[in-house]
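Take a look at the letters that make up each chain.
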Amino acid sequence: MLKAVNFTKKDEINAMSSTPLQKVAGQMLEVLGAAITERPDETTGEVKKVGIIISKEFGALSTISGTAIKSLDMIIDYMTELKDSGDDTPVIINAKTSKSNAGREFLTLEIV
């Protein structure tokens, strides 16, 4: 585990059969926990970063999107600050897809 907040061993196990975050793009998600980890690619064996979100609505969601993982890193920091200050305000995010100038689709996360 590279980084995590409110992320249990149970969450880690459930993340093994997670839904791709892209499938719920455009929906508001209440984040219960989150983590960034590394996993080997099943085809190539290359180790890749994986972002995992435990949401109230969909359970475990995962992504290998570099853009989404960068945002998730900051969201984990934000959630850690809230937790450390005793603030239990729910963190709601929106996962959005956008297209680059080259026409490639990518995933972004924003706190709402």
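What you are looking at is a predicted structure, and each value in this text was computed from that prediction instead of being measured. (Residues numbered from 1 in each chain as written. Predicted model: local features only at pLDDT ≥ 70, side-chain atom pairs only at ≥ 80, totals over all residues. Heavy atoms only, no water.)

Draft legend 1. Geometry of unusual backbone geometry. One non-glycine residue with positive phi stands out, namely N6, at about 50°. With respect to the secondary-structure elements, N6 resides in the loop between β1 (3-5) and α1 (9-15). Classification of N6 by relative accessible area gives partly exposed; the value is 34%. (Helix = DSSP H or I, 4+ residues; strand = E, 2+ residues; numbered from the N terminus. Buried < 20%, exposed > 50% of the residue type's maximum accessible area, 1.4 Å probe, protein only.)

Draft legend 2. Broad picture of the environment of M1. By secondary structure assignment, the location of M1 is in the segment before β1. Sequence separation between M1 and T37 is 36 residues; the distance between their C-alpha atoms is 4.6 Å. Once residues within four sequence positions are removed from consideration, M1 is found in contact with F7, E12, A35, I36 and T37. (Contact = heavy atoms within 4.5 Å.)

Draft legend 3. Main features of the side chain of E30. Within the secondary structure layout, E30 lies in strand β3 (residues 28-40). Aside from chain neighbours lying at most four places away, what touches E30 is I54, S55, K56, E57, P90, V91 and I92.

Draft legend 4. Quick peek at the side chain of N94. Its location among the elements puts N94 in strand β6 (residues 91-99). Once residues lying within four places of it in the same chain are set aside, the contact partners of N94 are G26, Q27, M28, T108, L109, E110 and V112.

Draft legend 5. Spotlight on the nonpolar core. Residues L21, I53, L72, I93 and L109 are the most contacted members of the largest nonpolar core, which totals 21 residues. Contributions of two or more residues to this core are made by β3, α2 (66-84), β6 and β7 (105-111). Among the elements that make up this core, the one with the highest residue count is α2 (seven residues). Not counting chain neighbours up to four residues away, the residues in contact with I53 comprise L21, V31, G33, A34, G59, A60, L61, L72, I93 and L109. Core analysis: the next-biggest nonpolar cluster, separate from the first, contains seven residues, A15, A35, I52 and I54 among them. (Core = buried A, V, L, I, M, F, W, Y, C linked by side-chain atoms within 4.5 Å.)

Draft legend 6. Seen up close, the environment of N94. Here N94 falls in the buried class, since its relative accessible area comes to 9%. Residues N94 and Y78, 16 residues apart in the sequence, show an inter-C-alpha distance of 15 Å.

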